[in-house]
Amino acid sequence: MKEDFKYKCDSCGRIYGIEKDLMLCPHCREDNPEGRPLKGVLKVMLPEGLKQSLNEKEKQNIFNFLPVEEKYFPSISVGNTPLVEAENIQKESGFQSIYLKFDGSNPTGSFKDRASYLVSAFAKKNNINEIVVASTGNAASSMAGIAAAAGQKAFIFMPESAPKAKLVQCLQYGAELIPVKGNYDRAFDLSLKFSQRKGFLSRNTAYNPMTIEGKKTVSFELNSQLQGKGIDYLFLPVGDGVVLSGVIKGFTDLKLMGMLDRIPKIIGVQSDKSSFVYNAFCYNRFEFDYKASTIADSISVNVARNCYSAVKDLKDVEGEMTLVSDEEILYAQNKLSRMSGIFCEPSSAASFAGFLKLSEHIPKNKTVVLLLTGHGLKDIDSALKSVKFPKAFEADIDYIIDNLNLQ
Ligand SMILES: *Cc1c(COP(=O)(O)O)cnc(C)c1O
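The text that follows walks through the structure, step by step, so that each part is easy to find.

Calculation criteria
Residues numbered from 1 in each chain as written. Predicted model: local features only at pLDDT ≥ 70, side-chain atom pairs only at ≥ 80, totals over all residues. Heavy atoms only, no water. Near = heavy atom within 4 Å. Polar contact = N/O pair within 3.5 Å; in protein donor to acceptor, adjacent residues only side chain to side chain. Areas by Shrake-Rupley, 256 points an atom, 1.4 Å probe, with all protein chains shown as cover. 1 Å grid on protein atoms, 1.4 Å probe; cavity = no way out; pocket = protein on both sides within 12 Å on 5 of 7 lines; lining within 4 Å. Sits in = over half its atoms within 2 Å of the grid points. Nonpolar A, V, L, I, M, F, W, Y, C, P; charged D, E, K, R; others polar. Core = buried A, V, L, I, M, F, W, Y, C linked by side-chain atoms within 4.5 Å. Buried < 20%, exposed > 50% of the residue type's maximum accessible area, 1.4 Å probe, protein only. Helix = DSSP H or I, 4+ residues; strand = E, 2+ residues; numbered from the N terminus. Points joined across faces, edges and corners; volume = space filled by probe spheres on them. Pairing = 2+ DSSP bridges. Axes fitted to C-alpha atoms, helices over the stretch in contact; angles between N-to-C directions. Parallel < 35°, antiparallel > 145°, perpendicular 65-115°, else oblique. Left-handed = near helix turned anticlockwise from the far one by under 90°. Contact = heavy atoms within 4.5 Å. Salt bridge = Lys/Arg side-chain N within 4 Å of Asp/Glu carboxyl O. Patch = residues over 30% accessible without salt bridge, like charges linked within 9 Å, V, L, I, M, F, W, Y side chains within 5 Å. Lys, Arg positive; Asp, Glu negative; His and termini not counted. Charge placed at Lys NZ, Arg CZ, Asp CG, Glu CD. Phe/Tyr/Trp six-rings, centres within 6.5 Å; stacked < 30°, edge-to-face > 60°. Lys NZ or Arg CZ within 6 Å of the ring centre and 35° of its normal.

So, about the site of the ligand. With respect to spatial proximity, 16 residues lie near the ligand, and among them K112, G239, D240, G241 and T373 are the closest. The backbone of G241 places a nitrogen or oxygen atom 2.8 Å from an oxygen atom of the ligand. Note that a nitrogen atom of the ligand is positioned 3.2 Å from one of the side-chain N or O atoms of S347. In the complex, the protein chains occlude 98% of the 380 Å² of accessible area that the ligand would expose alone. Assessed atom by atom at 2 Å from the grid points, the ligand resides in the largest cavity. Classifying every residue of the shell around the ligand gives five nonpolar, seven polar and four charged.

In structure tokens, the structure reads:
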């Protein structure tokens, strides 16, 4: 029964029933100054006895592990993204098993659809038709697209500097776009005030517990796609740290359900120009006036909203973090495109850049998965930095053959 799903506060451990207006733990949320990581983030707890009540076939249905009934989800298809064996990278690197989980193939082109899908269903179940979100770009275009599929209205707060494609997506999907003269952190706080004043549902990452819960579905998919072949290392990009917590939540739930023996070594990758979670994780350092500046816009955040939870989750599963430079990200994006046919956006290429950086410390017989969270077409300007545009040829076949420098 869905009523048996509960919320548990990640800061104080108190347990609550799931309600539409409950976003952060009422005991911990007072302690949340603007522009800081959130205290009192709520995590969904699976019902007691769920493990015993599901047969093998039911365990293959992800909706049995989510707190909202399947009938409330919009009819757009989210998740079940491809897991591709990276054969050329295996050959070059000597690794036996490298897999690419390409979440850029979600309907709006990013991993964020997993969260928006559950948020939309939650809103539908609670008879809410308006959803508000602040975003660096992908959460916005995602919420706009999924809301369009569900017949809901999305209100989007986005820095005006977000990549064009992401802004255009929002408008195409018919969302109300509110570009903000300021950064993502400013948009986050404004959107919260807007949703509170208007009584709309906020989809802000980490703030709405369904964002973490929705993202756990990728771990369930990986588990069934690899059919019991365990993952040794999983690389993923980190901005606010909700993908990180969602992925870990998924593996933790799978273990609780007896569907997984061991949780992979999770490696969170940040840009060295957006390293809030890394600094907290490695050095217990919190710089609240930190200014991020990476080209990987989807992981460019000053203050990571889910930092406290993400650090705790990663420590619980003995994960690690690493940093990569913008140059390494652009190099990895281009190399991955050439070697796998998967063109992902810079933030996602951070996963591959992190792997390239650490690969000499990983035994070659280990199974490695790279989580690729977004599609490369979402940010053409960054991708242009690592390719050279050929100049136009005379429209003459002899000229072309004589002048083409084939490598
Ligand atoms: C949002 C996003 C991330 C980072 O997720 P966080 O939860 O903010 O850590 C990584 N890649 C892409 C494509 C994203 O849209």
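So, on to the nonpolar core. With 100 residues, the main nonpolar core has I156, L234, V247, F251 and I266 as its most contacted residues. Broken down by element, this core gets its largest block of residues, seven residues, from helix α9 (residues 242–256). Counting residues in each nonpolar core, the second largest holds 29 residues, with V269, I299, A350 and L370 among its members.

What follows concerns the layout of surface pockets. The space that makes up the largest pocket amounts to roughly 610 Å³. As for the largest pocket, its lining consists of 27 residues, of which K8, V44, M45, K249 and L256 are closest to the centre. Elements represented by at least two residues in the lining of the largest pocket include exactly β1 (6–9), β3 (42–45), α9 and α11 (307–316). The dominant element in the lining of the largest pocket, judged by the number of residues it contributes, is α9, at six residues.

This next bit is on the sheet that holds strand β5 (residues 97–102). Judged by pairing direction, the sheet is mixed, and its six strands sit side by side in the order β4-β5-β13-β10-β11-β12 without closing on themselves. Because the sheet does not close on itself, it has two edges, and the strands there are β4 (83–85) and β12 (320–324). Looking at each pair of strands side by side, their axes are set apart by 25° on average, direction ignored. Strand direction decides the pairing type here: β4 and β5, joined by three bridges, are antiparallel. Across the sheet, residue L83 finds its bridge partner in β5, namely K101.

Before going further, it helps to spend a moment on the packing of helix α10 (residues 276–283) against α11. Where α10 meets α11, the closest approach of the two axes is 10 Å, and the angle between their N-to-C directions is 50°. Classified by the interaxial angle, the pair formed by α10 and α11 is oblique. The handedness of the crossing between α10 and α11 comes out as right-handed. Where α10 abuts α11, its residues F276, V277, A280 and F281 lie against C307, V311, L314 and K315. For the contact of α10 with α11, the residue count by class is seven nonpolar, no polar and one charged.

A separate point is the pattern of salt bridges. For the structure shown, the criterion picks out 25 salt bridges. In this structure, the salt-bridge partner of K43 is D313, at a minimum N-O distance of 2.9 Å. Within this pair, whereas K43 is found in strand β3, its partner D313 is found in helix α11, the two being separated by 270 residues in sequence. Like K43, the residue D313 is buried in the burial classification. Of the charged contacts, one joins D232 and R262 as a salt bridge, the two residues approaching to 3.1 Å between their closest N and O atoms. In this pair, D232 is assigned in the loop between α8 (217–225) and β10 (233–237) and R262 in the loop between α9 and β11 (265–271), connecting sequence segments 30 residues apart. By relative accessible area, which is 44% here, R262 ends up partly exposed. Residues participating in the shared-partner salt-bridge network are D10, K43, K312 and D313.

It is worth spelling out a negative patch on the surface at this point. Together, E394, D396, D398 and D402 line one region of the surface with negative charge. According to the relative accessible area criterion, D396 is partly exposed, its value standing at 38%.

Along the polypeptide, S219 turns up in helix α8. Residue classification places S219 among the buried residues on the basis of a relative accessible area of 0%. A polar contact is formed between the side chain of S219 and the backbone oxygen of V247, at a distance of 2.8 Å. Ignoring anything within four residues of it in the chain, the contact list for S219 reads G246, V247, G250, F251 and L254.

The next subject is a nonpolar patch on the surface. Residues L377, I380, L384, V387 and F389 make up a contiguous nonpolar surface patch of about 510 Å² in total accessible area. Tracing the backbone shows I380 in helix α14 (residues 380–383). Judged by its relative accessible area of 39%, I380 falls in the partly exposed class.

Under the definition given, this model contains 17 aromatic pairs. Centroid distance F393 to Y399: 6.4 Å. Interplanar angle 70°. Geometry classified as edge-to-face. Note on F393: relative accessible area 38%, which makes it partly exposed. The rings of F95, F235, F352 and F355 are connected pair by pair, giving a single aromatic cluster. One residue, R114, lies across the ring of F111, its end atom 5.5 Å from the ring centre.

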